[in-house]
Amino acid sequence: MCAPIMKKSDWPRDERLIGNMIFAITNIAILTGTFAVVIAFSSRSLIILIFVRPLDKIPHSLISVVPGGIPLWLSMGVPIFITLTIFIGLPLLNRWLRGLLIQRFESGTHDPPADIHQRVTMLSKSVNMPPPSVAVVDSEVATAFTTGLRPNKAQITVTSALIDTLSKPELNGVLAHELSHIKNRDVTIMTAVMIPIVVAAGLWTVMTNDTSHQPGQAYGHRNQNSSHTFEGLISGMFGLIAGMFWVLACLCTAPFARYREFAADRGAAVITGEPATIAVALETIDSRSPPTVDIRLVDMSPMAILPITDTTDGWTAGWDTPSDWLPETFRDQLSIYSRTHPETKERIRRLRELEKTLHETDTSGSN
């Protein structure tokens, strides 16, 4: 059974966490807007290079509303259309591809034991939300994760190793963490937040889609005629833009994802009233030796939302990224900073602090 449930209003607000989330989402919004403006301006510049003659008019045309007599629909409408197509089409394609991956993954799941379903139902009622569906996947990795863009379509998947490893109170804590993700609509929010990552990776893939994976050579045969030179210019320019914004997007979105995990930990503590038990569950999971197989889950952090890898690359549905082009030292550092889950020891530390706050609240209330 769960401990007595506390209301969120009974807990002190984590002002630092809230401030960090606001700062991160502001950076993401600015980055996404800048990315869209750069794509639109680059598209417009290419149109000017193609249609404006003589060439000495090009510099002035780049800053003119109607450059060189080009119709407004061509100088402004087409770049806006290209930008909207990229920023709407690529995320929709990504969502479809990730849906296929999720379906393939869930085809290997089965119904949970009756007591797991009962626990989820009980915890859901405590926060006044409909219980999500629950599934179990046979795996040596002890973890759980959530799928579904809307709460009424949500599903919590737990691994057989998690059920075998944790005690009942610890398992309650993990399930409560996943319910917090659902309650906070984290799958929906993170899908929106990861748009700059998805767009940058998708654009990079399109611009570098050849055997050598080199920008400027996206269309295979490297003939030396003017047509292929221009194609190389396009792929090189947009590939460079995509690569630059992919790096920036990793640095902006990953911190926000980590803050959502802290919020879910806090929500789980509110639901169960047992922050220390959740901390113990994390310690237990983290102490397990990683398996040598089951690549579906081996890079996943305990308690998560799909996708199942612990970096921003997990949201790109297998698309290419510029990581292989980066210097090894920079790439290693970026992989650390682009992790979507906090270090387990930091999560445990915060939960211990929350337990201390709860104890102090109980003590002052009894007096």
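To be clear, the structure that these remarks concern was listed above.
Computed from a predicted model, the values in this text were never measured in an experiment.

Student: Before we go on, may I ask you to explain the packing of helix H6 (residues 168-183) against helix H10 (residues 275-287) in this structure?
Tutor: A pair of packed helices is characterised by two quantities: the angle between their axes and the separation of those axes. Orientation of H6 relative to H10, taken along the N-to-C sense of each, is 95 degrees, at an axis distance of 8 Å. What the angle tells us is that H6 and H10 run roughly perpendicular. Judged by residue contacts, Pro169, Glu170, Gly173 and Val174 of H6 engage Thr277, Ile278, Val280, Ala281, Thr284 and Ile285 from H10. Across the contact of H6 with H10, the residue classes break down as six nonpolar, three polar and one charged.

Student: Would you mind showing me how to read the nonpolar core here?
Tutor: In a soluble, globular protein the nonpolar side chains are often hidden away together inside. Ranked by internal contacts, the top residues of the largest apolar core, which has 40 residues, are Phe35, Ile39, Ile86, Phe87, Leu203, Trp246 and Phe256. Going through the elements one at a time, helix H1 (15-51), helix H3 (72-106), helix H7 (186-193), helix H8 (195-207) and helix H9 (226-272) are the ones with two or more residues in this core. The element that contributes the greatest number of residues to this core is H9, accounting for 14 residues. Setting aside anything within four residues of it in sequence, one finds leucine 203 in contact with Ile39, Ile86, Leu90, Phe238 and Ala242. Counting 31 residues, the second-largest nonpolar core is a separate cluster that includes Val158, Ala269, Ile271 and Ile278.

Student: Sorry, what's going on with H7 here?
Tutor: The periodicity of an α-helix, 3.6 residues per turn, causes residues three or four positions apart to be oriented the same way. Along H7, the residues that are buried comprise Asp186, Val187, Met190 and Val193. In a view along the axis of H7, the buried residues occupy a sector of 130 degrees, so they form one face of it.

Student: What exactly am I supposed to notice about the side chain of threonine 208 here?
Tutor: With respect to the helices, strands and loops of the structure, threonine 208 is situated in the loop between H8 and H9. Here the side chain of threonine 208 touches tryptophan 204 through a polar contact of 2.6 Å, landing on its backbone oxygen.

Student: Is there a simple way to think about empty space enclosed by the protein in this case?
Tutor: Summary: where empty space remains is shown by rolling a probe the size of a single water molecule over the atoms. Under the definition given, this model contains two cavities of 30 Å³ or more. In this structure, the second largest cavity is lined by Thr146, Gly148, Leu149, Arg150, Pro151, Ala154, His181, Ile182, Arg185, Asp186, Val187 and Thr188. In terms of residue count, the dominant contributor to the lining of the second largest cavity is H7 (three residues). Here the residues of the lining of the second largest cavity sort into five nonpolar, four polar and three charged.

Student: Can you help me understand the side chain of serine 75 in this one?
Tutor: Relative to the helices and strands, serine 75 resides in helix H3. If near-sequence neighbours (up to four positions away) are discounted, serine 75 is found in contact with Arg44, Val65, Pro67 and Ile70.

Student: So what exactly am I meant to see when it comes to the environment of arginine 347 here?
Tutor: Here arginine 347 shows up in helix H12 (residues 344-366). Sequence separation of arginine 347 and aspartate 265 is 82 residues, and the distance between their C-alpha atoms is 7.6 Å.

Student: Explain unusual backbone geometry to me, please; I cannot follow it from the model alone.
Tutor: When glycine is set aside, most residues are seen to have a negative phi, and most peptide bonds are trans. Note that the residue after arginine 53, namely proline 54, is joined by a cis bond; omega there is -5 degrees. Within the element layout of this structure, proline 54 appears in the loop between H1 and helix H2 (58-61). Phi angles above zero are rare outside glycine, and asparagine 128 is one such case at about 60 degrees. Looking at the element boundaries, asparagine 128 is found in the loop between helix H4 (114-126) and strand E2 (133-137). Despite not being glycine, arginine 185 shows a phi value in the positive range, around 55 degrees.

Student: Would you take a moment to explain the pairing of E2 for this structure?
Tutor: Each regular strand carries side chains that alternate between the two faces of the sheet. For E2, a buried count of four out of five residues is recorded, marking the element as mostly surrounded by other parts of the structure. Sheet analysis places strand E1 (residues 109-110) next to E2, joined by two bridges and oriented antiparallel. Bridging across to E2, histidine 110 finds its partner in valine 136. Of the strand pairs in this sheet, E2 and strand E4 (residues 155-159) are connected by five bridges, and their pairing is parallel. If you follow valine 136 over to E4, its bridge partner there is valine 158.

Criteria and cut-off values
- Residue numbers here run from 1 along each chain, matching the order of that chain's written sequence.
- Under the rules for a predicted model, residues below a pLDDT of 70 receive no local features and side-chain atom pairs below 80 are neither given nor counted, while totals for whole chains, interfaces and linings still include all residues.
- Where side-chain values are given, they derive from all heavy atoms of the structure, hydrogens and water being excluded.
- Orientation is described by axes fitted as lines to C-alpha atoms, over the contacting stretch for helices, and by angles from 0 to 180 degrees between their N-to-C directions.
- Helix and strand labels come from DSSP, where a helix needs a run of H or I of at least four residues and a strand needs a run of E of at least two; each type is numbered from the N terminus.
- Note on terminology: angles under 35 degrees are roughly parallel, angles over 145 are roughly antiparallel, angles of 65 to 115 are roughly perpendicular, and the others are oblique.
- Contact criterion: two residues are considered in contact whenever any of their non-hydrogen atoms come within 4.5 Å of each other.
- For this classification, the nonpolar set comprises Ala, Val, Leu, Ile, Met, Phe, Trp, Tyr, Cys and Pro, the charged set comprises Asp, Glu, Lys and Arg, and every other residue, Gly included, is treated as polar.
- Each nonpolar core is a collection of buried residues, namely Ala, Val, Leu, Ile, Met, Phe, Trp, Tyr and Cys, held together in the definition by side-chain atoms within 4.5 Å.
- A 1.4 Å probe rolled over the protein chains alone gives each residue an accessible area, and that area as a share of the maximum for its type sets the label: buried under 20%, exposed over 50%, partly exposed in between.
- Of all possible arcs, the one meant is that of the directions from the helix axis to the C-beta atoms.
- Between N or O atoms, a polar contact is any pair within 3.5 Å; within protein, one atom must be a potential hydrogen donor and the other a potential acceptor, and residues adjacent in sequence are included only when both atoms are from side chains.
- Only protein atoms enter the calculation, which uses a 1 Å grid: trapped sets of points that fit a 1.4 Å probe without letting it out are cavities, open sets showing protein on both sides within 12 Å along at least five of seven lines are pockets, and any residue with an atom within 4 Å of a point is a lining residue.
- Grid points are joined across faces, edges and corners, and a volume is the space filled by probe spheres set on the points.
- For two strands to be treated as a pair, DSSP must find no fewer than two bridges joining them.

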